[in-house]
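Understanding the architecture of this molecule
Below, each chain spelled out in residue letters.
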Amino acid sequence: MDKVEELYKDYFHDVYLYIKSLSADEHLAEDITQETFFRALKSVNSFRGDCDIRVWLCQIAKNLLFTHNKKSSRFTGEEVPETVPDSQPIIEDIVADGEQSMAIHRVLHTLSEPYKEVFTLRIFGELSFRQIGEIFGKTESWARVSFHRAKLKIIEELEVQK
């Protein structure tokens, strides 16, 4: 049996119980524990030996759990309000009308970033919110909210111009 298998056999249960006690989720504890040993294997050369190996493994596991919790607690986008109230015209339909499209471009030109670019990428570039989020290094939800705000600003300005 090589050292990695021995390490896994000796400490898997301890790390699993530790993460299970923190997360109260058996499946998550299994996943985090597996990932812990994968990370430990990749960075075994960085283990200095100034603490017990069990402590080192549990620290890796705890960091992975915290990262997981941070990612899963991000804004999911389900709380985003409706993009345009029913009484408002749908911005995509307005863009299709040549005269209205020119008015939108004038308003769009005055918008601040990132609203201008998000709106342009979504409507004219036809990118998904996921793709827009990736371009900005943000989440899909961030792209949705930014697009929603840009639409509201454009509609508001178009109403003022009437």
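These numbers were taken from a predicted model, which means no experiment stands behind them.

Counting secondary structure elements, the chain contains eight helices and zero strands. Along the chain, from the amino end to the carboxyl end, the secondary structure elements read α-α-α-α-α-α-α-α. The proportion of buried residues among the 162 residues of the chain is 31%. Once local pairs closer than 6 in sequence are excluded, the contacts in the chain between residues at least 24 apart make up 59%. When the accessible surface of the chain is split by element, carbon and sulfur atoms take 50% of a total near 10900 Å².

Using the criterion set out here, one finds five aromatic pairs in the structure. Centre to centre, the rings of F119 and F147 are 5.7 Å apart; their planes meet at 15°, and the pair counts as stacked. In this pair, F119 sits in helix α6 (residues 115–123) while F147 sits in helix α8 (residues 140–161), placing the two residues 28 residues apart along the sequence. No difference in accessibility class separates F119 from F147, as the two residues are buried. A connected cluster of aromatic rings, assembled from ring pairs, spans F12, Y16 and F37. Against the face of F129 rests R122, its NZ or CZ located 4.0 Å from the ring centre.

Turning to the packing of helix α2 (residues 26–42) against helix α3 (residues 53–72), a few remarks are in order. One way to put it is that α2 packs onto α3 with a least axis distance of 9 Å and a crossing angle of 125°. Put simply, α2 runs oblique to α3. Helix-helix and strand crossings are classified by hand; for α2 and α3 the assignment is right-handed. The residues of α3 that touch α2, namely those facing L28, I32, E35, T36, F37, R39 and A40, are W56, L57, I60, A61, L64, L65 and H68. Here the contact of α2 with α3 is composed, by residue class, of 10 nonpolar, two polar and two charged.

The subject of this paragraph is the pattern of salt bridges. Tallying each qualifying case throughout the model produces five salt bridges. Put simply, R54 and D14 hold a salt bridge, and the shortest N to O gap is 2.8 Å. A residue pair is termed long-range when its members are at least 10 positions apart, and R54 in helix α3 and D14 in helix α1 (residues 3–23) qualify at 40 residues. For D14, a relative accessible area of 28% gives the class partly exposed. Salt-bridge contacts for R144 lead to E140; the nearest nitrogen and oxygen are separated by 2.9 Å. Of this pair, R144 and E140 both sit in helix α8, four residues apart, which is roughly one turn of the helix. Residue classification places R144 among the partly exposed positions, given a relative accessible area of 32%. With relative accessibility at 34%, the residue E140 sits in the partly exposed group.

This part is about unusual backbone geometry. Here the bond from E113 into P114 is cis, since omega is 5°, no more than 30 degrees from zero. For P114, the position within the fold is in the loop between α5 (98–110) and α6.

Cut-off values and rules
- Residues numbered from 1 in each chain as written.
- Predicted model: local features only at pLDDT ≥ 70, side-chain atom pairs only at ≥ 80, totals over all residues.
- Heavy atoms only, no water.
- Helix = DSSP H or I, 4+ residues; strand = E, 2+ residues; numbered from the N terminus.
- Buried < 20%, exposed > 50% of the residue type's maximum accessible area, 1.4 Å probe, protein only.
- Contact = heavy atoms within 4.5 Å.
- Areas by Shrake-Rupley, 256 points an atom, 1.4 Å probe, with all protein chains shown as cover.
- Phe/Tyr/Trp six-rings, centres within 6.5 Å; stacked < 30°, edge-to-face > 60°.
- Lys NZ or Arg CZ within 6 Å of the ring centre and 35° of its normal.
- Axes fitted to C-alpha atoms, helices over the stretch in contact; angles between N-to-C directions.
- Parallel < 35°, antiparallel > 145°, perpendicular 65-115°, else oblique.
- Left-handed = near helix turned anticlockwise from the far one by under 90°.
- Nonpolar A, V, L, I, M, F, W, Y, C, P; charged D, E, K, R; others polar.
- Salt bridge = Lys/Arg side-chain N within 4 Å of Asp/Glu carboxyl O.

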